[in-house]
Amino acid sequence: MSDKGEGLEVAVCGTETVRVALGERAYDIQIGEDLLDFAGEALAEVLPRPRTLVVTDENVARLHLPALLESLETFDIEAGTLVLPAGEATKSFARLQEVTDAILAAELERSDLIVAFGGGVIGDLAGFAAAITRRGMGFVQIPTTLLAQVDSSVGGKTGINCRHGKNLIGAFHQPALVLADTAVLDTLPRRELLAGYAEVVKYGLLGDADFFGWLEEHGTALLDGDMEARQTAIAHCCRMKADVVAADEREAGRRALLNLGHTFGHALEAALGYDGTLLHGEAVAIGMVQAFRFSEQLGLCPEGEADRVAAHLEAAGLPVDVRAIHNRLPGPEELVAIMRQDKKAKGGRLVFILARGIGEAFIAEDVDADAVTEFLREDMER
Ligand code: NAD
Ligand code: GLY
């Protein structure tokens, strides 16, 4: 390895544990290859009695549920299952009711834990169901997408979508344990893996230039199934997220940095009506490049950084340029209007995560809407 990323803890073998230090709500994230085989053992340590409900989606159920159930059975854990359709539409009131009904029908008590086994959709939905059933039950996250392993399963944001927008109904509710099996990512479609990779890159860009350098060198290996690279990156992202969440659980400040690329990216997703043209991670990839280009244009960030970010994401196989879809987008004024609905907006002011360089993101409050409009116009026509 070169000196890029020197100091990064490289996974040798075995399971790594990252602690999310939240006092009485503290928990471990375990990361390792074939961890699913040991899920029964890990769950036996946190379940108050050997009984649970596993909530999952059809794809994950087909590919990985038998392995999980076998492991639970080895430890005599009685597990009901609820298999839901895959996809964002599952984060709905109707499916939420299905989950809460299943928990109650299984006669699980308030002190019992449920298991969210899937990507961010299942983690957000099942976590929220746990938060509100019997006024708050515990839950375990077993994330099965790269996005969920580095982001959504950690930090306790749970929720569903409604007709007013994404993730608008929800709760902060921390899991009791997160088990990230790096081998289950082998079955993930390449496009989903790449979308998760955008969130991996996000950590380097927001706060760790060495990690970004490491990804420039090892990102391809990680994407191509190198388990050591994969575990190293996932554990590093989880450590970064655990630090941020421990310092700012409810996003009063610093946690907003995790939204790098999201104000631009969400506006693209919303403008396209969440029609699947862009996966969330793809929109974030474009949004991160836009955040760096905008930072350069404002004179905040040295020139060349945005090109370096774009080059890496593009080499990985992610979209980086809004021009490829610009004929399907509304004008810049409308995109800015969508950004005003962003959850970071305060009193109608636009809040962006901008950068002074790679690894040096900061929260920019009161960004001038006209400057954003002008930037978007140029970016779409470049
Ligand atoms: P997802 O849960 O829809 O999973 C993507 C697809 O991959 C699905 O079709 C799923 O069935 C399939 N899949 C999952 N694991 C698989 C595996 N191992 N092998 C094969 N297929 C598999 O999407 P996602 O990208 O994991 O999560 C997106 C969701 O996460 C969004 O709803 C977003 O709002 C949410 N999110 C939440 C947070 C948070 O902090 N709570 C953070 C980021 C994103
Ligand atoms: N995914 C952003 C956060 O957890 O705060």
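The structure this text deals with has already been given above.
What you see is a predicted model, and the numbers here were worked out from it, not measured in a lab.

K.L.:
Please set out the site of ligand 1 residue by residue, giving values where relevant.
P.N.:
In the region of ligand 1, 26 residues are neighbours, and D57, E88, K91, T145 and T187 sit closest. V121 is positioned with one of its backbone polar atoms (N or O) 3.1 Å from an oxygen atom of ligand 1. In the shell around ligand 1, the residues fall into eight nonpolar, nine polar and nine charged.

K.L.:
Please provide a residue-by-residue account of the nonpolar core, values included.
P.N.:
By size, the foremost hydrophobic cluster in this structure holds 107 residues, and its most contacted members are Y197 and V372. Among the elements that line this core, the one with the most residues is helix α8 (residues 227-247), at ten residues. Not counting the four nearest positions on each side in its chain, Y197 is found in contact with L146, L215, G219, L222, L223, H312, A316 and L318. Judged by nonpolar contacts, the second largest core, of 21 residues, contains L84, V99, L108 and A126.

K.L.:
Would you mind going over helix α13 (residues 369-381) in detail, with residue names and values included?
P.N.:
With 13 residues, α13 should reach 18 Å at 1.5 Å per residue; the first-to-last C-alpha distance of 18 Å fits that figure. What α13 keeps buried is the set A369, V372, T373, F375, L376, D379 and M380. Angular distribution of buried residues about the axis of α13 spans 165 degrees; they occupy a single face of the element. Projecting away from the buried face of α13 at angles above 90 degrees are the exposed residues D370 and E381. Along its buried surface, α13 packs onto α9 (262-271), α10 (280-297), α12 (332-339), β10 (350-355) and β11 (361-367).

K.L.:
Any chance you could break down the site of ligand 2 for me, citing the residues and the numbers?
P.N.:
The full set of residues close to ligand 2 is D151, K157, K241, E251, R255 and L258. Take K157: an N or O atom from its side chain is 2.8 Å from an oxygen atom of ligand 2. Within the side chain of R255, a nitrogen or oxygen atom sits 2.7 Å from an oxygen atom of ligand 2. In isolation ligand 2 has 200 Å² of accessible area, and contact with the protein removes 87% of it. Taken together, the residues that form the shell around ligand 2 break down as one nonpolar, no polar and five charged.

K.L.:
Tell me what's going on with the sheet that holds strand β6 (residues 138-143), and back it up with residues and numbers.
P.N.:
The seven strands are arranged β1-β2-β9-β6-β5-β3-β4 in an open sheet whose pairing can be described as mixed. With one partner strand each, in any of the chains shown, β1 (16-20) and β4 (78-84) form the two edges of the open sheet. Along the sheet, successive strands turn relative to each other by an average axial angle of 20 degrees, direction set aside. The pairing of strand β2 (residues 27-32) with strand β9 (residues 177-181) spans five bridges and is parallel. Its bridge partner being in β9, G32 is matched across the sheet by D181. Taken strand by strand, helix α2 (residues 58-74) contacts β3 (51-57), β4, β5 (113-118) and β6, and its axis lies near 160 degrees from that of β3. The strands touched by helix α4 (residues 120-132) are β3, β4, β5 and β6; relative to β5, the strand with the most contacts, the crossing angle is about 165 degrees.

K.L.:
Let's hear about the packing of helix α6 (residues 190-207) against helix α7 (residues 209-223): which residues, and what values?
P.N.:
It is at 8 Å that the axes of α6 and α7 come closest, and there the two elements cross at 165 degrees. Considered as vectors, α6 and α7 are oriented roughly antiparallel to each other. Two packed elements cross with a definite hand, and for α6 against α7 that hand is right-handed. The segment α6 lies against α7, with R190, L193, L194, Y197, V200, V201, Y203, G204, L205 and G207 engaging A209, F211, F212, L215, G219, L222 and L223. Here the residues of the contact of α6 with α7 sort into 13 nonpolar, three polar and one charged.

K.L.:
Hey, could you go over the pairing of β10 for me, with residue numbers and the actual values?
P.N.:
With six of its six residues buried, β10 lies for the most part within the structure. Burial along β10 is two-sided: L350, F352 and L354 facing one way and V351, I353 and A355 facing the other are all buried. Sheet topology note: the β10/β11 ladder contains five bridges and is antiparallel. Bridged to L350 within β11 is V367. From the end of β10 to the start of β11, which pair antiparallel, there are five residues, and G359 there has a positive phi angle of about 85 degrees.

Parameters and conventions
- Residues numbered from 1 in each chain as written.
- Chains lettered and ligands numbered in written order.
- Predicted model: local features only at pLDDT ≥ 70, side-chain atom pairs only at ≥ 80, totals over all residues.
- Heavy atoms only, no water.
- Near = heavy atom within 4 Å.
- Polar contact = N/O pair within 3.5 Å; in protein donor to acceptor, adjacent residues only side chain to side chain.
- Nonpolar A, V, L, I, M, F, W, Y, C, P; charged D, E, K, R; others polar.
- Core = buried A, V, L, I, M, F, W, Y, C linked by side-chain atoms within 4.5 Å.
- Buried < 20%, exposed > 50% of the residue type's maximum accessible area, 1.4 Å probe, protein only.
- Helix = DSSP H or I, 4+ residues; strand = E, 2+ residues; numbered from the N terminus.
- Contact = heavy atoms within 4.5 Å.
- Expected span 1.5 Å × (residues − 1).
- Arc of directions from axis to C-beta.
- Areas by Shrake-Rupley, 256 points an atom, 1.4 Å probe, with all protein chains shown as cover.
- Pairing = 2+ DSSP bridges.
- Axes fitted to C-alpha atoms, helices over the stretch in contact; angles between N-to-C directions.
- Parallel < 35°, antiparallel > 145°, perpendicular 65-115°, else oblique.
- Left-handed = near helix turned anticlockwise from the far one by under 90°.

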